[in-house]
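Understanding the architecture of this molecule
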Amino acid sequence: MRESPALVESRRFGTRRVPVLRPLGWLAAGWRDFMRCPLPGVLHGLALALFGGTLFWLARDQFWLLSGAFSGFLLVAPVLATGLYAVSRALQREGRARLATALAAWRPRDSRLVVFGVLLAFAGTGWVMTSAALITGLAPAPVRNPVEFLRVVVLADQGHLFEVWLLLGGVLAAPVFASSVVAIPLLLDREVGVLAAVFTSWRVVMDNPVAMALWAGLIMGLTLLGMASLMLGLAIVVPWLAHASWHAYRDLVDTSGLVARP
């Protein structure tokens, strides 16, 4: 049976196995990049914090929608950090970076990143609709705010709505994480196709299941902390994780045989 061209392309370069605790090193390296060039990161983080605050305000009385929207936001967040991957790449290549480095990554010259962003947006939208339909359709009482979500869904005496909600979220989030964990930095850095980048991301996860599970947990935990601080913590968490994700890509993917993008 003939293999797909994207799968063949993804095998032009290798993936690496890393120690289980290596994600902690990515966080340390990401923090160093953030401190070396903080302005692009702070602006990205503040923009996402403002978006999160606006979302919370608009949907404050419709928590069934809010819970799904925030989960969907986590799915599309990696592509929103593209400019910060460019900053880390410049720091690695040239030893310096500036705000223009991050802004240049958003020029509409690369349809691959646009395609990947659209696919993530579809995944996020699908989860928002699924989450809203699940909670509004199966919850025994209206869910309009966090207190009602906690009482009616999380602490319900009967039924397993919360468990089903978490299970469905995990079923969607796991393949999205596996498909994107190194794909976006790879697309930014090298001349490869979208499907080849996705296949590479899956190979990385399959080669390092425990380390990547730890990495996913760290991303989720730090993001929730940023949200819990009235979204203000996202101004720090978003750039920190974005820079760390660049170092994860550089550790996990051997791109020596690929053409670098300018």
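Residues numbered from 1 in each chain as written. Predicted model: local features only at pLDDT ≥ 70, side-chain atom pairs only at ≥ 80, totals over all residues. Heavy atoms only, no water.

A few words on the overall build of the chain. Looking only at helices and strands, the chain has 13 helices and 2 strands in total. Relative to its full complement of 262 residues, the chain shows a buried share of 47%. Considering only residue pairs separated by 6 or more positions, the chain has 78% of its internal contacts joining residues 24 or more positions apart. Carbon and sulfur atoms provide 69% of the accessible area of the chain, an area that totals close to 13,200 Å². (Helix = DSSP H or I, 4+ residues; strand = E, 2+ residues; numbered from the N terminus. Buried < 20%, exposed > 50% of the residue type's maximum accessible area, 1.4 Å probe, protein only. Contact = heavy atoms within 4.5 Å. Areas by Shrake-Rupley, 256 points an atom, 1.4 Å probe, with all protein chains shown as cover.)

Now for the nonpolar core. One broad rule of soluble globular proteins: the nonpolar side chains tend to lie buried together. W26, F116, M212, W215 and L252 are the most contacted members of the largest nonpolar core, which totals 42 residues. Among all residues touching F116, those that are not within four sequence positions of it are S179, S180, A183, I184, L187, V194 and V198. W127, V143, V152 and W165 belong to the second largest nonpolar core, which has 11 residues in total. (Core = buried A, V, L, I, M, F, W, Y, C linked by side-chain atoms within 4.5 Å.)

Judged by side-chain polarity, V20, L21, L24 and V210 come together as a nonpolar surface patch covering roughly 370 Å² of accessible area. Relative to the helices and strands, V210 resides in helix 12 (residues 209–228). (Patch = residues over 30% accessible without salt bridge, like charges linked within 9 Å, V, L, I, M, F, W, Y side chains within 5 Å. Salt bridge = Lys/Arg side-chain N within 4 Å of Asp/Glu carboxyl O.)

What follows covers the environment of A244. Looking at the secondary structure, you find A244 in helix 13 (residues 234–252). Using a relative accessible area of 0% as the deciding quantity, one classes A244 as buried. Considered as a pair, A244 and W26 are 218 residues apart in the sequence and their alpha carbons are 4.8 Å apart. Leave out the neighbours within four places in its chain, and A244 touches W26, L27, G30 and W215.

For the chain, per-residue confidence averages 82 on the pLDDT scale, and residues scoring 70 or more make up 83% of the total. Mean pLDDT values for the elements of the chain range from 60 in helix 1 (residues 5–10) up to 97 in helix 2 (residues 22–36). (pLDDT = per-residue confidence, 0-100.)

The next thing to look at is the packing of helix 5 (residues 82–94) against helix 13. Between helix 5 and helix 13, the shortest axis-to-axis distance is 9 Å and the interhelical angle comes to 55°. With respect to each other, helix 5 and helix 13 are oriented oblique. Between helix 5 and helix 13 lies a crossing of right-handed hand. Judged by residue contacts, L84, Y85, V87, S88, R89 and Q92 of helix 5 engage V238, P239, A242, H243, S245, W246 and R250 from helix 13. When the residues that make up the contact of helix 5 with helix 13 are grouped by side-chain class, the tally is 7 nonpolar, 4 polar and 2 charged. (Axes fitted to C-alpha atoms, helices over the stretch in contact; angles between N-to-C directions. Parallel < 35°, antiparallel > 145°, perpendicular 65-115°, else oblique. Left-handed = near helix turned anticlockwise from the far one by under 90°. Nonpolar A, V, L, I, M, F, W, Y, C, P; charged D, E, K, R; others polar.)

Turning to the pattern of salt bridges, a few remarks are in order. Tallying each qualifying case throughout the model produces 7 salt bridges. Residues D189 and R250 are paired through a salt bridge, measuring 3.6 Å at the closest nitrogen-oxygen approach. In this pair, D189 is assigned in helix 10 (residues 183–189) and R250 in helix 13, connecting sequence segments 61 residues apart. Using a relative accessible area of 25% as the deciding quantity, one classes R250 as partly exposed. If you follow the salt bridges from partner to partner, you end up with R89, R93, D189, R190 and R250 in one network.

What follows deals with the packing of aromatic side chains. For the structure on display, the rule yields 5 aromatic pairs. Measuring from ring centre to ring centre gives 5.7 Å for W31 and F34, while their planes differ by 80°; the resulting arrangement is edge-to-face. Of this pair, W31 and F34 both sit in helix 2, 3 residues apart, which is roughly one turn of the helix. On the basis of relative accessibility, which here comes to 35%, the residue W31 falls in the partly exposed class. An aromatic cluster is built from W31, F34 and W240, whose rings are joined through pairwise contacts. (Phe/Tyr/Trp six-rings, centres within 6.5 Å; stacked < 30°, edge-to-face > 60°.)

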